[in-house]
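As a plain string of letters, each chain reads:
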There are 2 protein chains.
Amino acid sequence: MSADAPVPARRARRYDPGRRDRLVDTTLDVIAENGVAAATHRAIARAADVPLGSLTYHFGSLTDLFAAAFTRHVDTVAARFDERMRAAPDRAAALEALVEHLTGDLLGSQRDLVLAVELYVAAARNPALRAVTQDWMSRSRRSLERHLDPVTAREVDALVEGLVLHSALSTDPMDATRIRSALHRLAG
Amino acid sequence: MSADAPVPARRARRYDPGRRDRLVDTTLDVIAENGVAAATHRAIARAADVPLGSLTYHFGSLTDLFAAAFTRHVDTVAARFDERMRAAPDRAAALEALVEHLTGDLLGSQRDLVLAVELYVAAARNPALRAVTQDWMSRSRRSLERHLDPVTAREVDALVEGLVLHSALSTDPMDATRIRSALHRLAG
DNA sequence: GGCCGTTGTGTACGTTCGTTCCTATGAGTT
DNA sequence: AACTCATAGGAACGAACGTACACAACGGCC
């Protein structure tokens, strides 16, 4: 009469060395999927299949976790973007690489697009995240300045931001041809 | 023994014909000030100095209230923008009006800027708000097409969106001169 | 002046949240 | 093998949330 007692089903898994890293990744997944507002401790714990307490153990607060997640995201995208710019031999190639970055890397995966916008808004209200956005903006501009003068780089940067926003939210985003034409008008 | 009884301090004010309108305005204020996430029934009620129940009486749900608020905001900004475009006699004047719109109307009041970005993100997750953003985007483009061909209008629209985002979040937004130069490069 | 239906108000309910805390476990060290 | 301490796990707390609802108050109508 005690075999299948109402034991609360103890969790078996133990000692998970990469867990902290996985939590950061899962956080980005949840934010991309449902937005920052829906990225609660519980939602992330469920998505990562870890108990609730594990989150507050690894990260002192939800803001800390967001900061870690966005920092990772910015590092990933900024590194990829700078590599593209570094690989370009001249200005024309840089513009084409920019088109590729926009249509291939970003617009291809709605994920990075959405994460960017979510980061922008979260940072607008949260001082702890503002540094991450600032870092992204300055790295992005520095990459552009490999082939563009500072004034043009700044204008292109603004246009790119607008294209990202448009693409993330509009029903009919601009295609590669239109983007290329706009970039050349601005920086060609 | 009953004069100053612990009566819960009945509210005196009654019959407030313009209340529904005021609630919409107050909602925009709260969103601009603290973001959509902080715009709760209670926060708005406090800001408008009305009891909590008044909100659910006038608006069936929080989403309904947001939709009403954003619709009003879009109507205001879109009307002002279209008037500027309509008043411009030619393409050059239209571009200058656009600069004026950006630096004067929008960047002058951080408020409209922030509201725009908040709307974008809220709409990305909430189907009921998506129609409002679509309306804004199409009206904005139609206004631009008074003086620009459709292709250019679209590019300018994207650039403007990027400038808005940059201005709302960057520490050193572009000034009127730079904005004018960028617009002329793109559409001049 | 008395009735009625719209409008206004206060409270309560059930849910979800971030965070805290106590206990259990096992890898690494001695 | 024994000990230790960083990690893991689950329950609990108080606070805040959206919403529902019962009752109060008053303008408009007879």
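Please refer to the structure placed before this passage.
Residues numbered from 1 in each chain as written. Chains lettered and ligands numbered in written order. Predicted model: local features only at pLDDT ≥ 70, side-chain atom pairs only at ≥ 80, totals over all residues. Heavy atoms only, no water.

(A) Spatial organisation of the nonpolar core. Residues Val156 of chain A together with Val156 of chain B are the most contacted members of the largest nonpolar core, which totals 124 residues. The contacts of valine 156 of chain A, once residues within four sequence positions are left out, are Leu98, Leu144, Leu148, Leu183, Leu186 and Ala187 of chain A. (Core = buried A, V, L, I, M, F, W, Y, C linked by side-chain atoms within 4.5 Å. Buried < 20%, exposed > 50% of the residue type's maximum accessible area, 1.4 Å probe, protein only. Contact = heavy atoms within 4.5 Å.)

(B) How the structure looks around the pattern of salt bridges. Counted according to the given criterion, the structure contains 29 salt bridges over all chains. Of the charged contacts in the structure, one is a salt bridge between arginine 125 of chain B and glutamate 118 of chain A, with a shortest N-O distance of 2.9 Å. Residue arginine 125 of chain B is found in helix α6 (residues 110-125), and its partner glutamate 118 of chain A is found in helix α6 (residues 110-125); the two belong to separate chains. Exposure remark for arginine 125 of chain B: the relative accessible area of 31% places this residue in the partly exposed category. Its relative accessible area of 7% is what places glutamate 118 of chain A among the buried residues. Between aspartate 82 of chain B and arginine 86 of chain B there is a salt bridge whose closest N-O contact spans 3.6 Å. Pair noted here: aspartate 82 of chain B and arginine 86 of chain B are both in helix α4 (residues 62-87), with a separation of four residues, about one helical turn. (Salt bridge = Lys/Arg side-chain N within 4 Å of Asp/Glu carboxyl O. Helix = DSSP H or I, 4+ residues; strand = E, 2+ residues; numbered from the N terminus.)

(C) Spatial organisation of the interface of chain A and chain B. Contact with chain A, which involves 38 residues of that partner, is made by 38 residues of chain B. Where chain A abuts chain B, roughly 3,400 Å² becomes buried across the two surfaces, and 56% of that area is made up of carbon and sulfur atoms. Contact with chain B buries surface across chain A, with Arg125, Arg154 and Arg185 of chain A losing the most and accounting together for 21% of the total. Between chain A and chain B we count four salt bridges in total. Here glutamate 155 of chain A ties to arginine 185 of chain B by a salt bridge, and the two come within 3.4 Å at their closest N and O atoms. The interface formed by chain A and chain B contains 17 residue pairs in polar contact (both at pLDDT 80 or more). Of all elements in the fold, only α1 (19-34), α6, α7 (127-144), α8 (150-169) and α9 (176-187) of chain A reach the threshold of two or more residues within the side of chain A that touches chain B. Per-element accounting of the side of chain A that touches chain B gives the leading share, 13 residues, to α8 of chain A. For the side of chain A that touches chain B, the per-class residue count stands at 18 nonpolar, nine polar and eleven charged. (Buried area = accessible area lost by both parts, 1.4 Å probe. Polar contact = N/O pair within 3.5 Å; in protein donor to acceptor, adjacent residues only side chain to side chain. Nonpolar A, V, L, I, M, F, W, Y, C, P; charged D, E, K, R; others polar.)

(D) Quick peek at the relation of the copies chain A and chain B. Placing chain A over chain B gives an RMSD of 0.1 Å and needs a rotation angle of 180°, together with 0.0 Å of translation along the axis. Taken together, the rotation and translation describe the operation of a two-fold axis. When C-alpha positions in chain A are compared against the rotation axis, the closest is assigned to glycine 162 of chain A, at 1.7 Å. The residues that chain A uses at the interface reappear at the interface of chain B in 100% of cases, marking a shared surface. (Least-squares fit on C-alpha atoms with pLDDT ≥ 70 in both.)

(E) Summary view of the side chain of serine 143 of chain B. All names here are of chain B. Within the fold, serine 143 resides in helix α7 (residues 127-144). Using a relative accessible area of 3% as the deciding quantity, one classes serine 143 as buried. In terms of polar contacts, serine 143 uses its side chain to reach the side chain of aspartate 82, at 2.6 Å. Setting aside anything within four residues of it in sequence, one finds serine 143 in contact with Phe81, Asp82 and Met85.

In short, shape yes, function no, at least from these values alone.
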